[in-house]
Amino acid sequence: MISTITINTKKYTVNLAQPLDISMPLRASKSNVNAWYIDEPKIEPVVLNDWTASVKEGASINFNNIQFNPHAHGTHTECVGHITEQVYSVNKCLKQFFFIAEVITVAPELIGEDAVISKAQLQYLLKQRKPQALVIRTMPNTKEKKNRQYSNTNWPYLTEEAAVFIRKIGVKHLLIDLPSVDKEKDEGKLLAHKAFWDINGKIRKDATITEFIYVSNKIEDGKYILNLQIAPFENDATPSKPILYKIQ
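These remarks concern the structure in this document. What you see is a predicted model, and the numbers here were worked out from it, not measured in a lab.

**Thoughts on the pairing of strand E16 (residues 222–230)**
Burial within E16 is extensive, with 7 of its 9 residues counted as buried. Here strand E9 (residues 98–106) pairs with E16 via 6 bridges, running antiparallel. Looking at E16, one finds that Ala 101 is bridged to Tyr 224. Summarising the sheet, E16 and strand E17 (residues 237–246) pair through 7 bridges and their orientation is antiparallel. In the strand pairing of E17, Ile 225 is matched with Tyr 245. Remark: 6 residues form the turn of the hairpin made by E16 and E17, two consecutive strands paired antiparallel.

**A closer look at the pattern of salt bridges**
Tallying each qualifying case throughout the model produces 10 salt bridges. As a salt-bridge pair, Asp 21 and Lys 241 come within 2.7 Å of each other at their nearest N and O atoms. Pair noted here: Asp 21 is in strand E3 (residues 20–21) and Lys 241 is in strand E17, with a separation of 220 residues, a long-range link. The partner of Lys 172 in a salt bridge is Asp 206, with the nearest N and O atoms 2.8 Å apart. In this pair, Lys 172 sits in the loop between helix H3 (160–168) and strand E14 (173–176) while Asp 206 sits in the loop between helix H4 (191–197) and strand E15 (208–211), placing the two residues 34 residues apart along the sequence. Look at Asp 206 and you get partly exposed, because its relative accessible area is 37%.

**Re the nonpolar core**
One finds Leu 122, Leu 134, Ile 136, Leu 158, Ile 166, Leu 174 and Phe 196 to be the most contacted residues of the largest nonpolar core, which totals 31 residues. Broken down by secondary-structure element, the contributors of at least two residues to this core are helix H1 (90–93), E9, helix H2 (119–126), strand E12 (133–138), H3, E14 and H4. Here Leu 122 is in contact with Ile 104, Ile 117, Ile 136, Leu 158, Ala 162, Phe 165 and Ile 166, once residues within four sequence places are set aside. Ile 22, Leu 94, Ala 101 and Ile 213 belong to the second-largest nonpolar core, a separate cluster that totals 16 residues.

**What to know about the layout of surface pockets**
In this structure, the largest pocket spans a volume of roughly 200 Å³. Along its surface, the largest pocket is lined by 15 residues, and Met 139, Pro 140, Lys 145, Arg 148 and Pro 156 are the ones closest to its centre. Considered class by class, the residues forming the lining of the largest pocket number 8 nonpolar, 4 polar and 3 charged.

**Things to note about the sheet that holds strand E13 (residues 157–158)**
Reading across from one edge, E10-E11-E13 is the order of the 3 strands in this open sheet, with mixed pairing throughout. Edge positions in the sheet fall to strand E10 (109–111) and E13, since each has one partner strand and no second. In this sheet, strand E11 (residues 114–117) lies alongside E10 in antiparallel orientation, the contact comprising 3 bridges. By the bridge assignment, Leu 110 is partnered in E11 with Ala 115. Seen against the sheet, H2 touches E10, E11 and E13 and runs at an angle of roughly 40° to E11.

**Quick look at the packing of H2 against H3**
Between H2 and H3, whose axes approach to 8 Å, the crossing angle comes to 35°. Contacts between H2 and H3 involve Lys 119, Leu 122, Gln 123 and Leu 126 from the first element and Glu 161, Ala 162, Phe 165 and Ile 166 from the second. For the contact of H2 with H3, the class distribution of residues is 5 nonpolar, 1 polar and 2 charged.

**Concerning H3**
By the burial criterion, the buried members of H3 are Ala 162, Ala 163, Phe 165, Ile 166 and Arg 167. Those residues of H3 that are buried are in contact with E11, H2, E12, E13, E14 and H4.

**Some thoughts on the packing of aromatic side chains**
For the structure on display, the rule yields 6 aromatic pairs. Between Phe 68 and Phe 233 the ring centres are 6.2 Å apart and the planes differ by 75°, which places this aromatic pair in the edge-to-face class. Residue Phe 68 is located in the loop between strand E7 (64–67) and strand E8 (76–78), and its partner Phe 233 is located in the loop between E16 and E17; the two are separated by 165 residues in the primary sequence. Under the relative-accessibility criterion, Phe 68 is labelled partly exposed at 25%. With a centroid separation of 6.2 Å and an interplanar angle of 75°, the aromatic rings of Tyr 150 and Trp 155 are classed as edge-to-face. The burial state of Tyr 150 is the same as that of Trp 155; both residues are buried. Here the aromatic cluster, defined as three or more aromatic residues joined through ring pairs, consists of Trp 36, Tyr 37, Tyr 150, Trp 155 and Phe 212. Here the guanidinium or amino end of Lys 127 rests over the ring plane of Tyr 124, the centre of that ring lying 3.9 Å away.

Definitions and limits used
Residues numbered from 1 in each chain as written. Predicted model: local features only at pLDDT ≥ 70, side-chain atom pairs only at ≥ 80, totals over all residues. Heavy atoms only, no water. Buried < 20%, exposed > 50% of the residue type's maximum accessible area, 1.4 Å probe, protein only. Helix = DSSP H or I, 4+ residues; strand = E, 2+ residues; numbered from the N terminus. Pairing = 2+ DSSP bridges. Salt bridge = Lys/Arg side-chain N within 4 Å of Asp/Glu carboxyl O. Core = buried A, V, L, I, M, F, W, Y, C linked by side-chain atoms within 4.5 Å. Contact = heavy atoms within 4.5 Å. 1 Å grid on protein atoms, 1.4 Å probe; cavity = no way out; pocket = protein on both sides within 12 Å on 5 of 7 lines; lining within 4 Å. Points joined across faces, edges and corners; volume = space filled by probe spheres on them. Nonpolar A, V, L, I, M, F, W, Y, C, P; charged D, E, K, R; others polar. Axes fitted to C-alpha atoms, helices over the stretch in contact; angles between N-to-C directions. Phe/Tyr/Trp six-rings, centres within 6.5 Å; stacked < 30°, edge-to-face > 60°. Lys NZ or Arg CZ within 6 Å of the ring centre and 35° of its normal.

Here is the structure:
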C-alpha cells in the first residue's frame, strides 16, 4: 500500500501497510495506565432487570457501558478548551489529520526535585527543523509506561520556556508520553499548556496536545508522517490513536 502524500508542495512516500501505532489501549484493569487520582476504567455489560447484556451470561450480544476519563486513562488529544471558560470541542478544532512530524528522544534534566524538558534540549535536538507535529519520547523508555500509576509521582514536564519555543517554531500538534505537559502539582498554573496555546495572545484553537502516548524503542528519532486519529467526542479531550508512517 504505497502512497504519495503532498504536504506544502512537498511529496512524501509512505507504506500505509506499515503503521507505527504510538497509542496505548484503554483496558478495564487496575494495571491500565492512570493519573489524576481516580479509579481505573470500567467496561461492564448493561444490566436491565434480570437481563445481562453478555453472551457469556446467556444474551445474544455483548453490549457494554464504558466509564473512563480521557485525561487520566490513556492516549488522548485535547484542545484549548481544556483550560478555557469558553467551551471548545477538540472534535471541531481538529480538522486535518495528516502532518509532518519529528520524533525526538529527551532525557529530562533534574532541577531540584523536578525533572524538566528545557528549551535548550529541544533546540539541540531539533536543530533548525520546524515540524508541524512534535513527538516527544522521554527517557527512560520502558514498557512499564503502559501500566504505570502516575498519581503523586511528580512526573517530568515541559518548562514554560520550552513550550513557548515549540509554539514559536510553528508546531501545531504536540505529542508526549507523559500524563501532562505540565507539572503534576503546580497550583493550577498550567504554564506549558497556556504557553503552547498562547492563551494570553492569539489563542491557537487549531493546535492540539496529545498526552499518554507510548513510542517504542524500535521507532527511531527522525521525520515521519503522522495520522492523528481521534474519536468524535464533543469535548475538550477525546481518546486518540496517533499513527506514524516512516517516510521512504
